[in-house]
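Report on the structure
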Amino acid sequence: MKITVILENTKFDKKLTAKHGLSLYIETEQLNIIFDLGPDHSYIKNAQALGIDLNKANAVIISHGHSDHIGGLSYLDEVNKHAPIYLSSNALESHWLKIGPYYHNVGAKDTIKNFDHRLKFIYDDIELTKGIHIIHLEPTNEYTNNLYKGDKKELDDFNHEIVLVIENENELVLFSGCSHHGIVNITKTITKKFPNKNINAIIGGFHLIDLPIVNTLGKSREEVISIGNTLNEMEIDCIYSCHCTGTKGFNILKTVLKEKLQSFKTGQVIEL
C-alpha cells in the first residue's frame, strides 16, 4: 500500500501548496482511493506536480461534511468523472464553526452540484471490496465545543463522520480525517469491530486544534498527554499525524509517543 499526502496544512516541498485541509491518495492492489478533497482545487495542482493521475482513482471517500475536506469536490470532474463518491448520509447538512457570537459556514455549500449520480451515501458500515471498509461512527459530541450543525445550529454530534479501514495482510491501517469522535474512541471502536487484528498504522488528523486560524490548542496539556499514553498502551505500530492535530498538539503527543509518532506533510509518501 502506498499513501501520498496530496494536501495538508504543511508541505514537504516548497513547490507544493499547503492549505488547512486534507487529501490523501491511497494506492492498493484492489483500489486507488482519494481520501478527502481539501478545501479547494489545491489537491489537484499538487497531484499533478507529484505525477499522480487522479483519473486512476476508483473511489473517493469524504470523511465528513466540513469544507476543508469536501470543498475540493467542486473540481473533481476536472480530473475524474467516474469514481463513485462515498460519504455519510448526513454529510450534506449545514455545518458551522462558532467564533465568539458569530457562526461561520463550514459546510458543503454548493460543492455537491452535478454530482448526484456519483454520490453513494453511507448509512452503516460497508466493505467496498475485500479488505477495504468504510466505518460509520456512532454520534457523539463529547469532544465538541464550537462546532454546530443544521439550520437550528445545534451542537454537532458528528453523525456525518466516517473512517476508512484497510486490511494490510493480517493488520489494519486506519484513516481518519479529523477524529472528531476522539482518536482513542475511534481506535477502540475499530479494535472491537476487527478483533484479533493489530493496527499497523493510524493516519490522519486528531482534532487537537481549537481555532485553526491561530492554531490554538483545543485541549489541556494533561488531556493530550492522556491521549498519548492511551495510544501508547494499544497495539499500534506507528502513527502518522497531520492536519487538525496542530503543531502544539503534535509536539505534546511526541513527548509521549516518541518514535511511534511521525508527522505527515504535503508531498510525503509512505509505503506499508
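Now for a look at the structure at hand. These numbers were taken from a predicted model, which means no experiment stands behind them.

Cut-offs used in this document
- Residues numbered from 1 in each chain as written.
- Predicted model: local features only at pLDDT ≥ 70, side-chain atom pairs only at ≥ 80, totals over all residues.
- Heavy atoms only, no water.
- Buried < 20%, exposed > 50% of the residue type's maximum accessible area, 1.4 Å probe, protein only.
- Helix = DSSP H or I, 4+ residues; strand = E, 2+ residues; numbered from the N terminus.
- Pairing = 2+ DSSP bridges.
- Right-handed = clockwise from strand over helix to strand, strands pointing away.
- Polar contact = N/O pair within 3.5 Å; in protein donor to acceptor, adjacent residues only side chain to side chain.
- Contact = heavy atoms within 4.5 Å.
- Arc of directions from axis to C-beta.
- Core = buried A, V, L, I, M, F, W, Y, C linked by side-chain atoms within 4.5 Å.
- Axes fitted to C-alpha atoms, helices over the stretch in contact; angles between N-to-C directions.
- Patch = residues over 30% accessible without salt bridge, like charges linked within 9 Å, V, L, I, M, F, W, Y side chains within 5 Å.
- Areas by Shrake-Rupley, 256 points an atom, 1.4 Å probe, with all protein chains shown as cover.
- Salt bridge = Lys/Arg side-chain N within 4 Å of Asp/Glu carboxyl O.
- Parallel < 35°, antiparallel > 145°, perpendicular 65-115°, else oblique.
- Left-handed = near helix turned anticlockwise from the far one by under 90°.
- Nonpolar A, V, L, I, M, F, W, Y, C, P; charged D, E, K, R; others polar.

**Structural notes on the pairing of strand β16 (residues 236–241)**
Taking burial as the measure, the six residues of β16 include five buried ones, the bulk of the element. In this sheet, β16 lies alongside strand β15 (residues 198–204) in parallel orientation, the contact comprising five bridges. Bridge pairing in β16 links I203 to Y240. As paired elements, β16 and strand β17 (residues 261–263) share three bridges and run parallel to each other. If you follow S241 over to β17, its bridge partner there is S263. Assessed by its sense of winding, the connection that carries the chain from β16 through helix α5 (residues 247–257) to β17 is right-handed.

**Some words on the side chain of D40**
Structurally, the position occupied by D40 is in the loop between β3 (32–35) and α1 (42–49). Here the side chain of D40 touches S42 through a polar contact of 2.7 Å, side chain to side chain. Not counting residues within four places of it along the chain, the set of residues in contact with D40 comprises K19, G71, G72 and Y75.

**Topic: the sheet that holds strand β11 (residues 147–149)**
Reading across the sheet, the four strands line up as β7-β6-β11-β12 and stay open at both edges, with antiparallel pairing between neighbours. One side of each edge strand has no neighbouring strand; the edge strands of this open sheet are β7 (102–105) and β12 (154–155).

**Let's talk about helix α3 (residues 183–193)**
Count 3.6 residues to each turn of an α-helix, and residues three or four apart come out pointing the same way. By the burial criterion, the buried members of α3 are I183, V184, I186, T187 and I190. Summarising the axial view, the buried residues of α3 lie within an arc of 165°, below the 170-degree limit, and thus occupy one face. Of the surrounding secondary structure, the elements contacted by the buried residues of α3 are β10 (132–136), β13 (162–168), β14 (171–176), β15, α4 (221–233) and β16.

**Here's the deal with the nonpolar core**
Counting 27 residues, the largest nonpolar core has L24, I26, I33, L164, F175, I203 and F264 as the members making the most contacts within it. Counting residues per element, this core draws most heavily on β13, at three residues. Not counting residues up to four positions away in its chain, the partners in contact with I26 are M1, K2, I3, L31, N32, I33, F35, L164, I166 and F175. Counting 26 residues, the second largest nonpolar core, distinct from the first, contains V163, L172, I186 and I202.

**With respect to unusual backbone geometry**
Across residues other than glycine, the phi torsion is negative in most instances, and most of the peptide bonds are trans. In this structure, E169 is a non-glycine residue whose phi angle is positive, near 60°. Looking at where E169 falls in the secondary structure, it is placed in the loop between β13 and β14. Taking the relative accessible area as the measure of exposure, E169 reaches 74% and is therefore exposed. Although it is not a glycine, H243 adopts a positive phi angle of roughly 55°. Topologically, H243 is positioned in the loop between β16 and α5.

**With respect to the sheet that holds strand β9 (residues 126–129)**
With respect to topology, seven strands assemble into an open sheet ordered β9-β10-β13-β14-β15-β16-β17, the strand pairing being mixed. The strands lining the two open edges of the sheet, one partner per strand, are β9 and β17. When strand polarity is set aside, the average angle formed by the axes of neighbouring strands in this sheet is 20°. With five bridges joining them, β10 and β13 adopt antiparallel strand pairing. Counterpart to H136 in the pairing with β13 is I162. Contacts between α3 and the sheet are confined to β10, β13, β14, β15 and β16, with β14 contributing the most and set at about 145° to the helix.

**Examining a nonpolar patch on the surface**
A surface patch of nonpolar side chains, amounting to about 310 Å² of accessible area, comprises L92, F121 and Y123. Mapped onto the elements, L92 comes out in the loop between β5 (85–88) and β6 (95–99). Residue classification places L92 among the partly exposed residues on the basis of a relative accessible area of 32%.

**Remarks on the packing of α4 against α5**
With their axes 9 Å apart at the nearest point, α4 and α5 run at an angle of 45° to one another. Taken together, α4 and α5 sit at an angle that is classed as oblique. As for how α4 packs across α5, the hand of that crossing is right-handed. Across the interface between the two elements, R221, V224, I225, I227, G228, N229, L231 and N232 of α4 pack against G249, I252, L253, V256 and L257 of α5. Here the contact of α4 with α5 is composed, by residue class, of eight nonpolar, four polar and one charged.

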